[in-house]
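Geometric and topological summary
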Amino acid sequence: MTERLTCDVVVVGAGMVGAACALYAARAGLGVTVVDRGPVAGGTTGAGEGNLLVSDKEPGPELRLALLSNRLWTDLAAEPGLGTAFEYDPKGGLVVASAPEGLAALEAFAAGQRTAGVAAETVTAGQLRELEPESAPGLAGGVYYPQDAQVMPTLAAAHLVRASRARLLTGCTVTGVLRSRDGAVRGVRTDRGEIHAPAVVNAAGTWGGEVAALAGVHLPVLPRRGFVLVTEPLPPLVRHKVYAADYVADVASDSAALQTSPVVEGTAAGPVLIGASRERVGFDRSFSLPVVRALAAGATRLFPFLERVRAMRTYVGFRPYMPDHLPAIGPDPRVPGLLHACGHEGAGIGLATGTGQLIAQVLGGRTPDLDLTPFRPDRFAPRDEEPGLRGRRFAARDGNPGRRGRFVAHEEEAE
Amino acid sequence: MSTEPVGPYGQAGAYGQAGPRGGTPPRLAVVGAGPAGLAAALAATARGVHVTLVDSAQAPGGQFYRQPAAALGARRPQALHHQWRTWRRLRDGLARHIAAGGVTLLPQHHVWCVERRSEGPAGRPHAGGFTVHALLGPGQEEPVEVRADGVVLATGGYEKVLPFPGWTLPGVITAGGAQAMLKGGLVVSGRTAVVAGTGPLLLPVATGLAAAGVRVAALVESAAPRALARRVGTLAGRADKLAEGAGYALELLRRRVRTLVRHTVVEAHGTDRLEAVTVAALDTAGRVRPGSERRIPCDTLAVGHGMVPHTDLAESLGCRVDAHGMSVAVDDEQRTDVPGVWAAGEVTGIGGAALSLAEGHVAGRSAAARLRGREPDPREWEAAAASRTRLREFFAALDTVYVPPAHWAEQLTDDTVVCRCEEVTAGAVREAVGELGAGDVRTVKLLTRAGMGWCQGRMCGPAVAGLAGCAETTARRPFACPVPLGVLARAGERGEPGPPTGETQGRGGPTVE
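Below or above, wherever it landed, is the structure these notes cover.

Criteria and cut-off values
- Residues numbered from 1 in each chain as written.
- Chains lettered and ligands numbered in written order.
- Predicted model: local features only at pLDDT ≥ 70, side-chain atom pairs only at ≥ 80, totals over all residues.
- Heavy atoms only, no water.
- Helix = DSSP H or I, 4+ residues; strand = E, 2+ residues; numbered from the N terminus.
- Buried < 20%, exposed > 50% of the residue type's maximum accessible area, 1.4 Å probe, protein only.
- Contact = heavy atoms within 4.5 Å.
- Areas by Shrake-Rupley, 256 points an atom, 1.4 Å probe, with all protein chains shown as cover.
- Axes fitted to C-alpha atoms, helices over the stretch in contact; angles between N-to-C directions.
- Parallel < 35°, antiparallel > 145°, perpendicular 65-115°, else oblique.
- Left-handed = near helix turned anticlockwise from the far one by under 90°.
- Nonpolar A, V, L, I, M, F, W, Y, C, P; charged D, E, K, R; others polar.
- Pairing = 2+ DSSP bridges.
- Buried area = accessible area lost by both parts, 1.4 Å probe.
- Salt bridge = Lys/Arg side-chain N within 4 Å of Asp/Glu carboxyl O.
- Phe/Tyr/Trp six-rings, centres within 6.5 Å; stacked < 30°, edge-to-face > 60°.
- Core = buried A, V, L, I, M, F, W, Y, C linked by side-chain atoms within 4.5 Å.

Focus on the overall build of chain A
Tallying secondary structure elements over chain A gives 13 helices and 20 strands in all. When the 415 residues of chain A are sorted by exposure, 62% land in the buried category. Sequence separation of 24 or more characterises 75% of the internal contacts of chain A that already satisfy a separation of 6 or more. Accessible area of chain A: about 14200 Å², with a carbon and sulfur share of 53%.

See the structure below:
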């Protein structure tokens, strides 16, 4: 790329969110260039499970975005060739409780979700064994969420970029954001030349803070590490996304150290995926036996047959989390022409379609389907960045299931 | 791979008996009982360290000293081995140290992970020590944990095979596989064989097959080894290596084996099994010369393109791996950059048995000294270090000559299976790179499943990298072999075991000191 490129919008990041932004922007008639310093899906997208979830979200802006995204995923999956290309599977989610008290809390949570438009069906212990015949005996019951679905995230990102027909520049690092004299964005500088455009979308995921900094603005996106365990291929023995609701009490202790909770699901290709762990340890990729040991223990408690099933590998990724656990979506009032679409924590695959649609609507000058106020990129005052303050925020959130739902520990690993 | 005569460092008898041990001796786990692991174990135990030698095979020796099963009653197994005397010394030394209680040998133990523990007695290179997690038994299901103060990784290497149309036909085997059959099973796999690929292993495979009564129709080497003679001409200590090569050349001549250099197998033919191969000449750029193809009937094709170090355990321990060479980085004492972890043999770079012996010896001596709280004196292993330098230079030169043809991937048709575990074709890999934006092996894997199967990309990794036109890199494989989730869930749960040399059965399986 030696010539100067010109287009309507540059999307920085070829992960799931960048791919969705490219698709909906292109369909809105805009000329799109997607640029990534690595390959397609080289960051968090390639290290996730690909869940499209409503089950783990309490009523509020994130759930509204999840429901919008869910509808858009269903539409995309119905397009010829696309759904099979990215292994769309509307498998449904099953949240289980081992004790009656846990089940009661779970049902209360589901009742709130129903008022917000979530389909949630209470499941008795007997019905649980029908839905998941291999699940551990003695579980009290659960709630079934038919809207939960799954895609293969790397395939989804790659096929959405391809379907968008956007120009894709991989292995190309953005080194600066070009600004005109009045401060407005006029493109990006890369290690392979400049790309000129009146709009730039920051879809750099966990690295979104760095891209924002290139434009001179502050966006507190930080990594939260997670491991996923992958088993040998199996016949379909785990039919839904299955996870436990009873870990909530453990989560109340706001430790920056390891937290794990069992999340188990099968895949179209056969292997069972086991999540999910959360640690705030920076970008440390080193293998941790204690973490995967805890994942294995949790999974075998939910599905005893997994005891003898072999783990083939494990992989690590970094969820882009923000201090209030909501993504940054929309125009940045501090820099005209700069939009953000990052910080989705562990829910980026599921929330990608809605995010892409909202960004495309803003770019096209239309009214977005959802109120973007809760997602404002400039909502973080610098004092929120102080470590002590952030710690207290987390303590308040994680220790108070009532405020943001009992699945706070889950929001992080929804991918 | 080589017949470098070993110096005194290869002789177990030279160490004398195990030294006196006051109190509990430090514990060293050696993973791998090939030349490097054996040399390390013997050197360390002779200096007052208790060694647990863990290996996946039934008997020690590794690939190089692979032994026929006793039940087969081979009368002259040494006929297939170089360095038979060296092996005998290693074997007898090991037996002595096992009898004296200085070495615990754990055969048929498949190590899936070496864990660095965070707590434990202070004053040793790594205060917390290590747990070697292994699986025992034919089903590899029974967990065994070995506690140690230090670890020598002597995990060796595995064969690299690049695909070509027809390579999945029965009758196509790897060169190393043919060698293993000859050494271990004494089974001759066919009547007419072609040996092909690149690398010094092809020579002993061809002569070995011929000696076993197989007609070797051709030895097809894609490199031009004459360049090696020029290259090696400047190196010290080349004489024995060149003599070794000359010996093979003579043997090939005597057996009337046709050698085709700068040639490659472009296709294997057959319906149910291999019937013939097409070979072609290569031009100087490494492309097939049009019109040079010829067909050679055969029922066996032994093919290999060199070796790749087995770095999985080192990587999950966090040892630095040289990205280009794909080998574990070590210092002059064979120490990795993780305190308490040494590495020796092919895992630090492919270099054959003699180099492995030298490195293992240095690693064992260094580990023994450091685990006993002493600064080692490198003068003690001068001979081994000198041999190590010479052999590393030699194999570095070899590496520049024995490289697969630059454009080998062009020979792959779109329907050629590249990843056999997941049945991914070359066409699927090309689509991932050309149309879906994959730029590296990892993304190709995620988009196509190439490398996600049972072998975890050990087999297809180099091929996928070649097709994708990107650099071969080490894949991160935190589990060196698949591990049951029930074992994983309880790994390391047991506390420090009681008796220092006993095996104790418990929830997490036996723990070995």
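What to know about the overall build of chain B
A tally of helices and strands in chain B yields 13 helices and 25 strands. When each of the 513 residues of chain B is scored for burial, the buried share is 57%. For chain B, the share of sequence-separated contacts (at least 6 apart) that also reach a separation of at least 24 residues comes to 66%.

Looking at the packing of helix α1 (residues 35-45) of chain B against helix α8 (residues 352-371) of chain B
Residues and elements named next belong to chain B. Where α1 meets α8, the axes come as close as 7 Å, and the angle between the chain directions of the two elements is 30°. By the angle between their directions, the pair α1 and α8 is classed as roughly parallel. Here α1 and α8 pass one another in a crossing that is right-handed. Contacts between α1 and α8 involve Pro35, Ala36, Ala39, Ala40, Ala43 and Ala44 on the former and, on the latter, Ala353, Ser356, Leu357, Gly360, His361, Gly364, Arg365 and Ala368. Split into classes, the residues belonging to the contact of α1 with α8 amount to 9 nonpolar, 4 polar and 1 charged.

Some thoughts on the sheet that holds strand β11 (residues 185-190) of chain A
Ordered by their spatial adjacency, 4 strands build an open sheet running β1-β12-β11-β10 (chain A), and the pairing between neighbours is mixed. Where the open sheet ends on each side, the last strands, each with one partner, are β1 (5-6) and β10 (174-179) of chain A.

Concerning the interface of chain B and chain A
Counting from both sides, the interface comprises 39 residues of chain B and, opposite them, 40 residues of chain A. Considering only the side of chain B, the residues that lose the most area to chain A are Leu436(B), Phe479(B) and Leu485(B), jointly responsible for 20% of the buried surface there. Our count for the contact surface shared by chain B and chain A stands at 5 salt bridges. Only β4 (109-116), β5 (130-136), α11 (441-448), β23 (483-484) and α13 (485-490) of chain B provide two or more residues apiece to the side of chain B that touches chain A. In terms of residue class, the side of chain B that touches chain A is built from 18 nonpolar, 11 polar and 10 charged. Pairing analysis gives 2 bridges linking strand β18 (residues 310-321) of chain A to β23(B), with the strands arranged antiparallel. By the bridge assignment for β23(B), Arg310(A) is matched with Pro484(B).

Remarks on helix α4 (residues 202-211) of chain B
Since the α-helix advances by 3.6 residues per turn, residues separated by three or four positions end up pointing in the same direction. Buried residues dominate α4(B), accounting for 8 of its 10 residues. Residues of α4(B) that are buried include every one of Leu202(B), Pro204(B), Val205(B), Ala206(B), Thr207(B), Gly208(B), Leu209(B) and Ala210(B), and no others.

Focus: the side chain of His263(B)
All names here are of chain B. Counting through the fold element by element, histidine 263 comes out in strand β13 (residues 263-269). Overall, histidine 263 belongs to the buried group, its relative accessible area being 11%. In this structure histidine 263 touches Val220, Glu221, Ser222, Ala280, Ala281, Leu282 and Arg294, once residues within four positions along its chain are discounted.

So, the packing of aromatic side chains
Enumeration according to the criterion identifies 7 aromatic pairs over all chains in this entry. Each ring, one from Trp207(A) and one from Phe283(A), has its centre 5.4 Å from the other, and the planes form 15°; the classification is stacked. Highlighted residues: Trp207(A) in the loop between β13 (199-202) and α7 (208-214) and Phe283(A) in the loop between β17 (271-278) and α9 (289-302), separated in sequence by 76 residues. The partly exposed category is assigned to Phe283(A), whose relative accessible area is 41%. Here the aromatic rings of Phe394(B) and Phe395(B) are separated by 5.4 Å at their centres, their planes lie at 85°, and the arrangement is edge-to-face.

Quick notes on the pattern of salt bridges
All names here are of chain B. Within the structure shown, the criterion is met by 30 salt bridges over all chains. Between arginine 370 and glutamate 333 there is a salt bridge, and its shortest N-O distance comes to 2.7 Å. Of this pair, arginine 370 sits in helix α8 while glutamate 333 sits in the loop between β19 (327-328) and β20 (341-343), and the two are 37 residues apart along the sequence. Like glutamate 333, arginine 370 is buried. Three or more residues are tied together by salt bridges with common partners; here these are Asp331, Glu333, Arg335, Arg370 and Glu375.

Section: the nonpolar core
In terms of nonpolar packing, the biggest core is built from 91 residues, with Met16(A), Trp73(A) and Phe86(A) touching the most fellow members. Ranked by residue count, the leading element in this core is helix α1 (residues 16-27) of chain A, at 9 residues. When residues no more than four places from it in sequence are discounted, the contact partners of Trp73(A) are Met16(A), Leu52(A), Phe86(A), Tyr88(A), Val151(A), Ala156(A), Ile349(A), Gly350(A) and Thr353(A). Tyr144(A), Leu306(A), Val316(A) and Val483(B) belong to the second largest nonpolar core, which has 40 residues in total.

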